[in-house]
Amino acid sequence: MTDRLRTTALIVAAGSGSRAGGAVPKQYVLLGGKPLLRWAYEAFARHPAIDEVVVVIGAGAEAQARAALGDGARLVTGGASRRESVARGLAAVDGARVLVHDAARPFVPAAVIDRVIAALDEAEGAYPVLAVADTLVRDGAVVPRDGLARVQTPQGFRTEVLRAAHAGWPADEEATDDAQMVRRLGGRVVLVQGDAMLDKVTHPQDFAAAETRLAFETRSASGFDVHRLEAGEDLWLGGVLIPHDKGLSGHSDADVALHAITDALLGTIAAGDIGTHFPPSDPQWRGAESGQFLRHAAGLVAEQGGRIDFIDLTLICEAPKIGPHRPAMRARIAELLALPEGRVSVKATTTERLGFTGREEGIAAQAVATISLPEQPR
Ligand code: CTP
Ligand code: MG
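Residues numbered from 1 in each chain as written. Chains lettered and ligands numbered in written order. Predicted model: local features only at pLDDT ≥ 70, side-chain atom pairs only at ≥ 80, totals over all residues. Heavy atoms only, no water.

(A) Representation of the nonpolar core in the model. Residues Leu237, Ile261, Leu265, Leu313, Leu315, Leu337 and Ile363 are the most contacted members of the largest nonpolar core, which totals 41 residues. At the level of elements, helix H8 (256-268), helix H10 (291-303), strand E17 (307-316), helix H11 (326-337), strand E18 (344-349) and strand E19 (362-374) are the ones that each hand at least two residues to this core. A total of eight residues in this core trace back to one element, the largest contributor, which is H8. Apart from residues lying up to four places away in sequence, Leu315 is in contact with Leu237, Val256, Ala257, Ile322, Met329, Lys347, Ala348, Thr349, Ile363, Ala364 and Ala365. Judged by nonpolar contacts, the second largest core, of 30 residues, contains Val53, Leu69, Val112 and Ala119. (Core = buried A, V, L, I, M, F, W, Y, C linked by side-chain atoms within 4.5 Å. Buried < 20%, exposed > 50% of the residue type's maximum accessible area, 1.4 Å probe, protein only. Helix = DSSP H or I, 4+ residues; strand = E, 2+ residues; numbered from the N terminus. Contact = heavy atoms within 4.5 Å.)

Shown next, in the form of structure tokens:
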């Protein structure tokens, strides 16, 4: 029978990330729009068997950690080595079981957490390992790989056993692995199956590898806009100035096509609409070039780790004829969104002289934007 002991996740994130280089320590670098550290934090926080999460951070990193994790996170200041950081974190742990995890392993499968916790019913410690598949060499000579495994985290322990291992550890000896510390002091430690998702981000190229492990979901949203046609106005459509006897009127440059695309993009991340971000009542947008609205929306998508997959625009008007201007519009929209032109479609239709577009009182535009977004909680 599984007991219901209180279980704490202890995430160590107090390292300097020296091997990863970069101006920002690796645990705060954005991965899929989220600081690296937050990925593991959320994985433990939402796991039903985890009762609390304690995060060990570097001295002076509190503001950075709060920005990454929010105000509710329990933070402890770490030490000069990983071992010291774990020891300091342990002092703040109140669970009878503790799972120690490297922040540098952002993706934590719930099944691994389950396996580690289940193993603690019978053992004092449990840690995930992966078999080594590649041939290993040392100084060019093959090292037999039977019996070798790659050690991962989270590593689970009866909390008092891990505390005792840290308390009894010689201060002048380094250790980077809690399971080995417990084992050395005679604790019963077992292995469970690890997961390639748990690979550590250590070197600069590991960020790219971690990106490829992100799961994405597809989002599509539509946008629609209308502006009035009037004599004496410029006609901006799709970021292109088009010669015509009338132009569109509005508060900004009234580029109905860019407005529809902007709304479609904002829709994919449920970020309101163009008026939410650029109120028509605000004089600073008078005559504004609509390309900046589009770039702003694209920036918001990028901030969330999203990628624009496709833009499909339909202009609805009798005149001017859109066909001759289609290549220029595609090129300009693609340029504004930093997309290849193949990911932008521009179409047009009349309404058979029916309605306000048919009477050439105005031009309407509708757009569909499709993006890929790092998978969101359901
Ligand atoms: N860690 C820690 N306190 C330290 C050193 C490391 O909490 N004094 C944490 C790191 O933040 C990381 C985990 O231990 O989540 C594993 O360490 P590692 O991957 O080596 O990270 P860094 O020590 O930050 O990187 P590097 O060794 O390249 O400097
Ligand atoms: Mg290190």
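(B) Local environment of the domain arrangement of the chain. When its domains are assigned, the chain resolves into domain 1 (7-213) and domain 2 (215-375). Taken over C-alpha atoms, the centre of domain 1 sits 47 Å from the centre of domain 2. The interface of domain 1 with domain 2 comprises five residues on the first partner and six residues on the second. Interface of domain 1 and domain 2: buried area, both sides summed, is about 300 Å²; carbon and sulfur atoms make up 52% of it. At the boundary of domain 1 and domain 2, one finds zero salt bridges. Our enumeration of links across domain 1 and domain 2 arrives at one residue pair in polar contact (both at pLDDT 80 or more). Considered class by class, the residues forming the side of domain 1 that touches domain 2 number one nonpolar, two polar and two charged. (Domains from an automatic or database assignment. Buried area = accessible area lost by both parts, 1.4 Å probe. Salt bridge = Lys/Arg side-chain N within 4 Å of Asp/Glu carboxyl O. Polar contact = N/O pair within 3.5 Å; in protein donor to acceptor, adjacent residues only side chain to side chain. Nonpolar A, V, L, I, M, F, W, Y, C, P; charged D, E, K, R; others polar.)

(C) Broad picture of the site of ligand 1. In the vicinity of ligand 1, 19 residues are found, and the nearest of them are Gly17, Ser18, Arg19, Ser85 and Lys200. In the model, an oxygen atom of ligand 1 is placed 2.8 Å from a nitrogen or oxygen of the Arg19 main chain. When ligand 1 is considered free in solution it has 560 Å² of accessible area, and contact with the protein chains removes 88% of it. Here ligand 1 occupies the largest pocket. Of the residues assigned to the shell around ligand 1, the class counts are six nonpolar, eight polar and five charged. (Near = heavy atom within 4 Å. Areas by Shrake-Rupley, 256 points an atom, 1.4 Å probe, with all protein chains shown as cover. 1 Å grid on protein atoms, 1.4 Å probe; cavity = no way out; pocket = protein on both sides within 12 Å on 5 of 7 lines; lining within 4 Å. Sits in = over half its atoms within 2 Å of the grid points.)

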